[in-house]
Amino acid sequence: MLDYAGATFPGAFSGYKLDVRESHQKTKVDTSGTAKDIVKSFNRLGMPLEEDGIVKVREEDEQVNEMGVPLEHINGHAFHTYTLTSKD
């Protein structure tokens, strides 16, 4: 759906700021492929963000307390947040 939106409405969210956080088990060292693909669609919608701007959350305390990962799933999970903020 975001791919379609990016192709059909390029620049629709120009001026918005995009923040991306992705949480996976601490053994995952690379950036989530899903997050990278979604960011590409947001880029086409006018919200620039490079791959190195995606925040990788790998510390258990932050995963549980800030991302809301249930402790029983800490060793195998995928939680992502995408926040769009307008200038006003």
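The structure this text deals with has already been given above.
Residues numbered from 1 in each chain as written. Predicted model: local features only at pLDDT ≥ 70, side-chain atom pairs only at ≥ 80, totals over all residues. Heavy atoms only, no water.

Remarks on the sheet that holds strand 3 (residues 78-85)
In plain terms, the rule: Any two strands are treated as partners once DSSP identifies two or more bridges connecting them. Counting from the N terminus, the helices are the DSSP runs of H or I reaching at least four residues and the strands are the DSSP runs of E reaching at least two. Angles run from 0 to 180 degrees between N-to-C directions of axes, and those axes are lines fitted to C-alpha atoms, restricted for helices to the stretch in contact.
Read from one edge of the open sheet, 3 strands run 2-1-3, paired in mixed fashion. Of all the strands in the sheet, the pair left with one neighbour each is strand 2 (55-57) and strand 3. Adjacent strand axes in the sheet meet at a mean angle of 15° when their direction is disregarded. Note: strand 1 (residues 17-24) against strand 2, 3 bridges, orientation parallel.

Quick notes on the side chain of His77
Selection criterion: The cut-offs for exposure are 20% and 50% of the maximum accessible area for each residue type, with area from a 1.4 Å probe on protein chains only; residues under the lower value are buried, those over the upper are exposed, and the others partly exposed. Pairing of N or O atoms within 3.5 Å defines a polar contact, subject to two protein rules: one partner must be a possible hydrogen donor and the other a possible acceptor, and residues neighboring in sequence count only if both atoms are side-chain atoms. Residues count as neighbours in contact if any of their non-hydrogen atoms are within 4.5 Å of one another.
Inspection of the secondary structure puts His77 in the loop between helix 3 (60-65) and strand 3. Given the relative accessible area of 7%, His77 is considered buried. A polar contact of 2.7 Å, which involves the side chain of His77, links it to the side chain of Ser23. Contacts of His77, omitting those with residues within four sequence positions, involve Ser23, His24, Gln25, Gln63 and Val69.

So, the pattern of salt bridges
Pairing is possible between side chains of opposite charge, provided their charged atoms come close. Note the cut-off: A side-chain nitrogen of Lys or Arg and a carboxyl oxygen of Asp or Glu constitute a salt bridge if their distance falls within 4 Å.
Scanning all chains against the criterion turns up 7 salt bridges. When the shortest N-O distance is used, the salt bridge between Arg21 and Glu62 registers 3.0 Å. You can see Arg21 sitting in strand 1 and its partner Glu62 sitting in helix 3, a full 41 residues away along the chain. For Glu62, a relative accessible area of 24% gives the class partly exposed.

Here we look at the environment of Lys26
Within the element layout of this structure, Lys26 appears in the loop between strand 1 and helix 2 (33-44). Here Lys26 falls in the exposed class, since its relative accessible area comes to 56%.

Side note on the pairing of strand 1
Filter applied, for reference: Look down the strands so they point away from you; if the path from the first strand over the helix to the second goes clockwise, the crossover is right-handed.
The pairing of strand 1 with strand 3 spans 8 bridges and is classified as antiparallel. The residue bridging Lys17 from the neighbouring strand is Thr85, located in strand 3. Between strand 1 and its parallel partner strand 2, the chain crosses via helix 2, and the hand of that crossover is right-handed.

Observations concerning the nonpolar core
Rules: Residues belong to one nonpolar core when they are buried, are Ala, Val, Leu, Ile, Met, Phe, Trp, Tyr or Cys, and are joined through side-chain atoms within 4.5 Å.
Of all hydrophobic cores here, the largest spans 10 residues; its members are Ala5, Leu18, Val20, Ala35, Val39, Phe42, Leu45, Met47, Leu49 and Ile54. At the level of elements, strand 1 and helix 2 are the ones that each hand at least two residues to this core. Take this core: its biggest share by element is 3 residues, from helix 2.

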